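# Overview (structure and organization)
As a plain string of letters, each chain reads:
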Amino acid sequence: VARAMGKLQSKISFHTTKYRADSSVGQTGPAGASRQHSPAHTDAVTSVAALQPDLCVSGGRDKSVAVSSWRSGAALRRFTGHEREVTKVTSALDSSRVFSASRDRTVMMWELHGTSGPSQHFPGHDLVVTGLAVSPDASQLCTGSRDNTVCKWDTETGECLGRAAISRNLVTHLCWVPGEPYVIQTSEDKTTRVWDSRELQVAHTFPAKQHIQTCCDASQDGRYCLSSSSGSAGHGAEATLWDLRQTRGQVCEYKGHFQTTTSCVFLPRGPTLAPSIATCSSDSTVKLWDQGTAGRG
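Below: a short report on this structure. (Residues numbered from 1 in each chain as written. Predicted model: local features only at pLDDT ≥ 70, side-chain atom pairs only at ≥ 80, totals over all residues. Heavy atoms only, no water.)

## Digging into the sheet that holds strand β9 (residues 107-111)
Spatially, the four strands line up as an open sheet ordered β7-β8-β9-β10, and their pairing is antiparallel. Edge strands, defined here as strands with exactly one partner in the open sheet, are β7 (86-90) and β10 (120-122). Sheet twist, expressed as the mean angle between neighbouring strand axes with direction ignored, is 20 degrees. Taken together, the three bridges between β9 and β10 define a ladder with antiparallel strand orientation. Bridging across to β10, M109 finds its partner in Q120. (Pairing = 2+ DSSP bridges. Helix = DSSP H or I, 4+ residues; strand = E, 2+ residues; numbered from the N terminus. Axes fitted to C-alpha atoms, helices over the stretch in contact; angles between N-to-C directions.)

## Focus on the environment of A44
Note that A44 resides in the loop between β2 (34-37) and β3 (45-52). Sequence-wise, A44 and D62 are 18 residues apart; in three dimensions their C-alpha atoms are separated by 7.5 Å.

## Section: the sheet that holds strand β26 (residues 276-281)
With antiparallel pairing, three strands are arranged side by side in an open sheet as β25-β26-β27. Edge strands, defined here as strands with exactly one partner in the open sheet, are β25 (261-266) and β27 (286-290). Sheet twist, expressed as the average angle between the axes of neighbouring strands with direction ignored, equals 20 degrees. Bridging between β26 and β27 involves five bridges; their strand directions are antiparallel. Within the sheet, the bridge partner assigned to C280 lies in β27 and is V286.

## Focus: the pairing of strand β8 (residues 97-102)
Burial analysis of β8 places six of its six residues in the buried class, which makes it a mostly covered element. Residues of β8 alternate between two faces, with R97, F99 and A101 on one and V98, S100 and S102 on the opposite face, all of them buried. Sheet topology note: the β7/β8 ladder contains four bridges and is antiparallel. Bridge pairing links V86 to S102 in β8. Hairpin connection, β7 to β8: the antiparallel pair is bridged by six residues, and D94 has positive phi, about 65 degrees. Pairing analysis gives five bridges linking β8 to β9, with the strands arranged antiparallel. For A101, the partnering residue across the bridge sits in β9 and is V107. (Buried < 20%, exposed > 50% of the residue type's maximum accessible area, 1.4 Å probe, protein only.)

## Brief notes about the pattern of salt bridges
With the rule as written, the count across this model stands at 13 salt bridges. The partner of R61 in a salt bridge is E85, with the nearest N and O atoms 4.0 Å apart. Taken as a pair, R61 in the loop between β4 (55-60) and β5 (64-69) and E85 in the loop between β6 (75-80) and β7 lie far apart in primary sequence, 24 residues in all. For E238, the salt bridge is made with K209, and the minimal N-O distance between the two is 3.4 Å. With E238 in the loop between β22 (235-236) and β23 (239-243) and K209 in the loop between β18 (201-205) and β19 (213-218), the pair connects residues that are 29 residues apart, well separated along the chain. Taken individually, E238 and K209 each receive the classification buried, so the pair is uniform in this respect. Salt bridges sharing partners connect three or more residues here, namely K209, E238, E253 and K255. (Salt bridge = Lys/Arg side-chain N within 4 Å of Asp/Glu carboxyl O.)

So yeah, pure geometry; function would need other evidence.
Given below as structure tokens:
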């Protein structure tokens, strides 16, 4: 047994060295040359979002926010200011503004070409901030927290423009519907809500699922939204497609994960590609699905 365990241990250490946070990441180019890049963070990465066509932004347990290049893998900027773990990051696509939420109960705004400190600070939540969504023009920000509230902010002034509280509404995620004044929100109360950001009121609540809703995303055409469920041992863990415009009801479910589905996203649609979505799970898998048939790719 000891010999077998030793073999297993050596296999694990062999395969995990290239993923350790304290080691550099190697990339091999076409000619076989290896390019070395330092990790973007010194601890676990908790959130990542697109920033510009060749840039992404990430947040981590090391309390920092980093901007990295999709193409080279290099971390180009690092922002520090949060006192605790960063929980969510987001930006308006093609914008130079980056937003981060944290366990320190605050949200901060950073300028891509500015200093390493925050350009705006949004305090006001009583517990960890777990939802973050910015309007397409980056003028307004919606935040959600485990304190059961959703807030709206002016990104220029930092002023809180509205605050809405719903009992047991422990926010898990927020996303802004492209081209619309609506914000999608998932919750530990097993529901997915549609907020009208103009008055910060709930415009629609989809029927409750059987499990906690962990994440949400909106399609680029604004017609659909996705939510994902917690689960275990093959129960729950589905993603659900919802109609935002006509029936405002459930369209279909994507079932196949065996543990909590932690994230869901609509994939960019190409001229010859059918609409597709991707989900990832605590079961260590990422699955691709045909949006219309719920078939796995």
